[in-house]
Amino acid sequence: MSTRLAASGLRWIERRIRLVAILDALRYVGLSPTNVMTVHAMAYLADALAPVWDLPILDGQVLKRPQRPFFPILQADLDRLVGQGTVEVSNVAYVEEPDGQWRINADYAINPEMLSRVVGAIALFDEQVTKWTFVREVVFAAAGLGPEGLNYVGLLDAAYSNPSIDTGEIIDIAPETGGENATAEVAHRFSRVMRETMTLSSAELVHLYVRHLYSRMQVV
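Residues numbered from 1 in each chain as written. Predicted model: local features only at pLDDT ≥ 70, side-chain atom pairs only at ≥ 80, totals over all residues. Heavy atoms only, no water.

Draft legend 1. Structural detail: the sheet that holds strand 3 (residues 87-96). Read from one edge to the other, the open sheet built from 3 strands follows the order 1-4-3, with strand pairing classed as antiparallel. The sheet terminates laterally at strand 1 (34-35) and strand 3, the two strands that pair on one side only. Strand direction decides the pairing type here: strand 1 and strand 4 (residues 102-110), joined by 2 bridges, are antiparallel. Across the sheet, threonine 34 pairs through a bridge with tyrosine 108, a residue of strand 4. Against the sheet, helix 1 (residues 11-28) engages strand 1, strand 3 and strand 4, with an angle of about 65° to strand 4. (Pairing = 2+ DSSP bridges. Helix = DSSP H or I, 4+ residues; strand = E, 2+ residues; numbered from the N terminus. Contact = heavy atoms within 4.5 Å. Axes fitted to C-alpha atoms, helices over the stretch in contact; angles between N-to-C directions.)

Draft legend 2. The arrangement of the pairing of strand 4 in detail. A large share of strand 4 lies buried, amounting to 7 of its 9 residues. One ladder, built from 8 bridges, connects strand 3 with strand 4; its direction is antiparallel. The partner of valine 87 across the bridge, within strand 4, is isoleucine 110. Hairpin connection, strand 3 to strand 4: the antiparallel pair is bridged by 5 residues, and glycine 100 has positive phi, about 90°. (Buried < 20%, exposed > 50% of the residue type's maximum accessible area, 1.4 Å probe, protein only.)

Draft legend 3. Region of the structure containing the confidence of the model for the protein chain. Here the protein chain averages 89 in pLDDT, while 95% of its residues score no lower than 70. Throughout residues 1-6 the model reports pLDDT below 50, and contacts reaching past four residues in sequence, or to other chains, amount to 14 contacts. (pLDDT = per-residue confidence, 0-100.)

Draft legend 4. Expanded view of the side chain of arginine 18. Inspection of the secondary structure assignment puts arginine 18 in helix 1. Taking the relative accessible area as the measure of exposure, arginine 18 reaches 7% and is therefore buried. Only 3.0 Å separates the side chain of arginine 18 from the side chain of aspartate 59, close enough to count as a polar contact. For arginine 18, the contacting residues outside a window of four places in its chain are Ala43, Ala46, Asp47, Leu58, Asp59, Leu74 and Val135. (Polar contact = N/O pair within 3.5 Å; in protein donor to acceptor, adjacent residues only side chain to side chain.)

Draft legend 5. Broad picture of the pattern of salt bridges. In total, this model carries 10 salt bridges according to the counting rule given. Two residues, arginine 27 and aspartate 24, come together in a salt bridge whose shortest N-O distance is 2.6 Å. In this pair, arginine 27 and aspartate 24 both sit in helix 1, 3 residues apart, roughly one turn of the helix. In this structure, lysine 131 engages glutamate 127 in a salt bridge whose closest nitrogen and oxygen atoms are separated by 3.6 Å. Taken together, the residues lysine 131 and glutamate 127, both in helix 5 (residues 126-142) and 4 residues apart, mark about one turn of the helix. The same class applies to lysine 131 as to glutamate 127, namely buried. Each member of the salt-bridge network shares a partner with another, and the members are Glu14, Glu127 and Lys131. (Salt bridge = Lys/Arg side-chain N within 4 Å of Asp/Glu carboxyl O.)

See the structure below:
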């Protein structure tokens, strides 16, 4: 079925579907319940790598924070999913960041009963099935970094770690000029380097980029 969700006014649905996809994939790889910062890191990587799959970026501007991204709007969506019973929360607390800011700290898990309803609805939309598959590939690849690596993803990722952007400034991963963000550019560079010997799929590019992050993690 080729029916598509309307692009305008329904962005919040897209964000919440992505959250459910992230938590489902984390459950599949045995990382559930999942700390909130891991969820935010996965969402960031999904946005930064979306151009590799020719998919739209949901949160194109990110406030740079020390070490890792945190999306207030994503957190609000996550809280609403908890309120609806789609997501289960445990170990809730508030912690102070090194910069003096306070944030919620909790572990999240998908409600299996509600998950089956979401998956059934997603199956009606080809575009959403593609996005769901993409998010799963990102999570499957990034899970190899482990919670510690994901906790410091901001120090590893090409776009987020840009030294010309200071903490507190905005990282634009969806440039209005039409160019790619640094993360997607690095992923596509693998394709260009290897095009004479093989053709890499979008999924392979995602996994190669995350392996690149893993190699950086060994020297950071």
